[in-house]
Amino acid sequence: MDEVIQNQKPQSRLPVKNIAFLTACGLLLAVILFIILIRLLPGTTGGEVAQSTPPVQYDVKRQEQLLSIVSDREVLNEEDTLIRSQIKQGVDPENEIVIDLPTVTIEYVASPDVFQGAIKTTEVNEAKEDAVAWFEEQGISREGICKLPLFFYLTAEAAENLSKTKIIFDPLPTQC
Amino acid sequence: MRGSGQLYILLILGGIIVASFIITGGSIGLRPGTYTAPQTQQATTNNSPTTPPVSTQVSSTPTISTTPTTPPVATNTPTPIPQGTAVGADLVVADFKLTDSTGRVKTRFAVGEAIYPLVTHNNIGTAQALSPVAYVYSQIYDNYPTTAPVGKKSDIGITLRNGQYSVGYRKSYGAAPVGPHRGHYKDNKYSWKRFRPGTFTARAFVNYDNKVPEKNFSNNQRTVTYTIYQPPTPTKKPSPTSPPQGAVNPAPSTNSCGGKYSMNNPMGKNFGDPVCDMTKSNLYDYLKQKDSANADYWYYTVIPCEAPGYNANTYYRCGGAGCTPDPAGAWGLYQMGRGRNGQYDHGDVAWRQQTINAVTYRRNASWRYWACAQSRW
């Protein structure tokens, strides 16, 4: 009998250890999988459902820079200030358009007091350069363009055409 | 016998003379080919057309005719020099025009419109134009009313290059995508733009650095005058709808607001701006009113990313960015649903109500609803 009991003990203790170990591993794996799942599905927490991935991804750092530009306005020099007010004067508040160039429509939006460029083409940099060149032709200094302030966004058509590319859209003029 | 021997010699000599006359085509010193008579030299600082060169066609027959021909083509056949003509190449800008991106010749361009040169070169000289640096370089200037000095580089970086120009060589080079011979323009620089209305003088200058010796260098430039105009700004058409402006959530309408909105959504209506009273300024004011602390974040970060073009009628279900998780799709400025996540998850309403819904939903939950608000997650 003793021999039988001694033989049985080691057999029964081993599976208990294994079960505990396997349970711990399973729990750990579940936690890891949960974290991975959360990471893979951004915006899906607590029942919230992000409606869609945007057609074009924006450069987050430059968006933050834009926010600081509009909230902490730098003062334009005298000449730039004068030209800026002349440009503003001719704008119809109904359509907010300053000038409609082939690649970009420049708008002045009165309430936030900003200039916006609606990019109409997939040649984003060319459109930005055109807008900057237009302001320079009016007499605004290169430095002054950043202080206007001026920022860009994509029209629905341009965004749709760019949605299949991996572009990270920068809303600011290149030199700002 | 002696006399008859001399006769034979005379006959042989005569035969040789006759044979050589037949072989040379009856005109010793002239071979078949096209001969271009030297053109009257003229300074081409104006836009008057150049008189086409008069060509002398020499046939294989003993008859020599002098008739005008079609523009001569490039040939590698060495051409003899007609008597009484100064030796040397003579490159001219035979024609200079401006086109738009489709290749259409124009002299009026809108502010910001791309302008492309179309230039024709011709060697009207009596010798091949060969450059010691392998290429003959030419320049285009966007506004240069006075004669450009030798070596003056293009102010807009448009350089044209070509190898040798044979006698009579004539070729057009269009910088627009349709060409012709667009590949001759260097550094992928084909066009320029102007952003101030006015009248300007574009100039073309062949062999601008005078690396190719020419017998006449005064006809290497040609100009064209063009104007830049400011197109009228599009005006917003008055809204024909009756609902009072300023209402928070007027019913969807069929008004496209002068073509501003498409009604490509399951409603088939203008739900986002039914009375056409949304301007960016109004939107910003309303955001300030409803969520002052985050108005800038909504206006500069979330909306242009979620709804490109600040379009209150944006509707998206599937496309380049995949499909929406909500089968009802994403609606409006904040790309919200049709009630799947509660009463405020509604983008299918007018822009003021869209704003109230987004602001309230964010207060009750978090920014995590919006992919474009990642920096606030």
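Located above this text is the structure these notes cover.
Now for a quick tour of the structure.

Analysis parameters
Residues numbered from 1 in each chain as written. Chains lettered and ligands numbered in written order. Predicted model: local features only at pLDDT ≥ 70, side-chain atom pairs only at ≥ 80, totals over all residues. Heavy atoms only, no water. Helix = DSSP H or I, 4+ residues; strand = E, 2+ residues; numbered from the N terminus. Buried < 20%, exposed > 50% of the residue type's maximum accessible area, 1.4 Å probe, protein only. Contact = heavy atoms within 4.5 Å. Areas by Shrake-Rupley, 256 points an atom, 1.4 Å probe, with all protein chains shown as cover. Pairing = 2+ DSSP bridges. Axes fitted to C-alpha atoms, helices over the stretch in contact; angles between N-to-C directions. Parallel < 35°, antiparallel > 145°, perpendicular 65-115°, else oblique. Left-handed = near helix turned anticlockwise from the far one by under 90°. Core = buried A, V, L, I, M, F, W, Y, C linked by side-chain atoms within 4.5 Å. Phe/Tyr/Trp six-rings, centres within 6.5 Å; stacked < 30°, edge-to-face > 60°. Lys NZ or Arg CZ within 6 Å of the ring centre and 35° of its normal. Salt bridge = Lys/Arg side-chain N within 4 Å of Asp/Glu carboxyl O. Polar contact = N/O pair within 3.5 Å; in protein donor to acceptor, adjacent residues only side chain to side chain. Nonpolar A, V, L, I, M, F, W, Y, C, P; charged D, E, K, R; others polar.

Considering the overall build of chain A
Counting secondary structure elements, chain A contains six helices and six strands. Listed by position from the N terminus, the elements making up chain A come as α-β-α-α-β-β-β-α-α-β-α-β. Burial statistics for chain A: of 176 residues in total, 42% are counted as buried. Across chain A, contacts joining residues at least 24 apart in sequence account for 63% of those joining residues at least 6 apart.

Overview of the overall build of chain B
Tallying secondary structure elements over chain B gives four helices and 14 strands in all. Across the 377 residues of chain B, 46% fall into the buried class. Pairs at least 24 apart in sequence give 63% of the contacts found in chain B among residues at least 6 apart. Per element, the accessible surface of chain B, about 17800 Å² overall, is 55% carbon and sulfur.

A short note on the pairing of strand β5 (residues 150-154) of chain A
Residues and elements named next belong to chain A. Burial within β5 is extensive, with five of its five residues counted as buried. Side chains L150, F152 and L154 of β5 all project onto a buried face; the interleaved residues F151 and Y153 project onto the opposite face, where all are buried too. For strand β4 (residues 114-119) and β5, the ladder comprises five bridges, and the chain directions are parallel. Within β5, the position partnered with I119 by the bridge is L154.

A short note on the packing of helix α2 (residues 60-71) of chain A against helix α3 (residues 295-306) of chain B
The interhelical angle for the contact between α2 of chain A and α3 of chain B, taken along N-to-C directions, is 135°, at an axis separation of 10 Å. Relative to α3 of chain B, the element α2 of chain A lies oblique. Judged by the sense of rotation from one axis to the other, the crossing of α2 of chain A with α3 of chain B is right-handed. In contact with Q63, E64, L66, L67 and V70 of chain A of α2 of chain A, α3 of chain B contributes D296, Y297, Y300 and T301 of chain B.

What to know about the sheet that holds strand β2 (residues 97-100) of chain A
Taken in spatial order, the four strands of this open sheet run β2-β3-β4-β5 (chain A), and their pairing is mixed. A strand with exactly one partner marks an edge of an open sheet, and here the two such strands are β2 and β5 of chain A. Geometrically, the sheet is characterised by an average inter-axis angle of 20° between neighbouring strands, direction not taken into account. In this sheet, β4 of chain A lies alongside strand β3 (residues 104-109) of chain A in antiparallel orientation, the contact comprising six bridges. Looking at the pairing, I106 of chain A lines up with G117 of chain A of β4 of chain A. Packed on one face of the sheet, α3 of chain B meets β3, β4 and β5 of chain A and runs near 20° to β5 of chain A.

Overview of the environment of V133 of chain B
On the secondary structure map, V133 of chain B appears in the loop between β5 (116-123) and β6 (136-141). It is 9.0 Å that separates the C-alpha atoms of V133 of chain B and V212 of chain B, two residues lying 79 residues apart in sequence.

Brief notes about the nonpolar core
W134 and F135 of chain A together with L283, Y334 and W370 of chain B are the most contacted members of the largest nonpolar core, which has 104 residues in total. If you tally residues by element for this core, the top one is α3 of chain B, at eight residues. Not counting residues up to four positions away in its chain, the partners in contact with L283 of chain B are M278, Y299, I303, Y310, L333, Y334, W351 and T355 of chain B. Judged by nonpolar contacts, the second largest core, of six residues, contains Y144, A148, F205 and Y208 of chain B.

Quick word on α3 of chain B
Most of α3 of chain B sits inside the fold, with twelve of its twelve residues counted as buried. Among the residues making up α3 of chain B, those that are buried are A295, D296, Y297, W298, Y299, Y300, T301, V302, I303, P304, C305 and E306 of chain B.

So, the packing of aromatic side chains
Residues and elements named next belong to chain B. Overall, the coordinates contain 28 aromatic pairs over all chains when judged by the stated rule. One aromatic cluster is present, formed by Y297, W298, Y334, Y361, W367, Y369 and W370 through successive ring pairs. Note that R161 overlies the ring of Y135, its terminal NZ or CZ placed 4.3 Å from the centroid. For R376, the ring lying beneath its charged end belongs to Y297, and the centroid distance is 3.9 Å.

Re the pattern of salt bridges
For side chains of opposite charge, pairing can occur when their charged atoms come near one another. All names here are of chain A. Under the counting rule described, the total for this entry stands at 21 salt bridges over all chains. R142 is the partner of E136 in a salt bridge, and the nearest nitrogen-oxygen pair spans 2.7 Å. Under the relative-accessibility criterion, E136 is labelled partly exposed at 32%. Note on R142: relative accessible area 48%, which makes it partly exposed. Among the salt bridges present, the one from K147 reaches E143, with a minimum N-O distance of 3.4 Å.

Things to note about the interface of chain B and chain A
On the side of chain A, 52 residues touch chain B, which itself brings 51 residues to the contact. Taken together, the connections running from chain B to chain A amount to four salt bridges. A salt bridge links E126 of chain A to K193 of chain B; its shortest N-O distance comes to 2.6 Å. Where chain B packs against chain A, one counts 13 residue pairs in polar contact (both at pLDDT 80 or more). When residues of the side of chain B that touches chain A are assigned to their parent elements, the largest contribution, eight residues, is made by α3 of chain B. Classifying every residue of the side of chain B that touches chain A gives 23 nonpolar, 16 polar and twelve charged.

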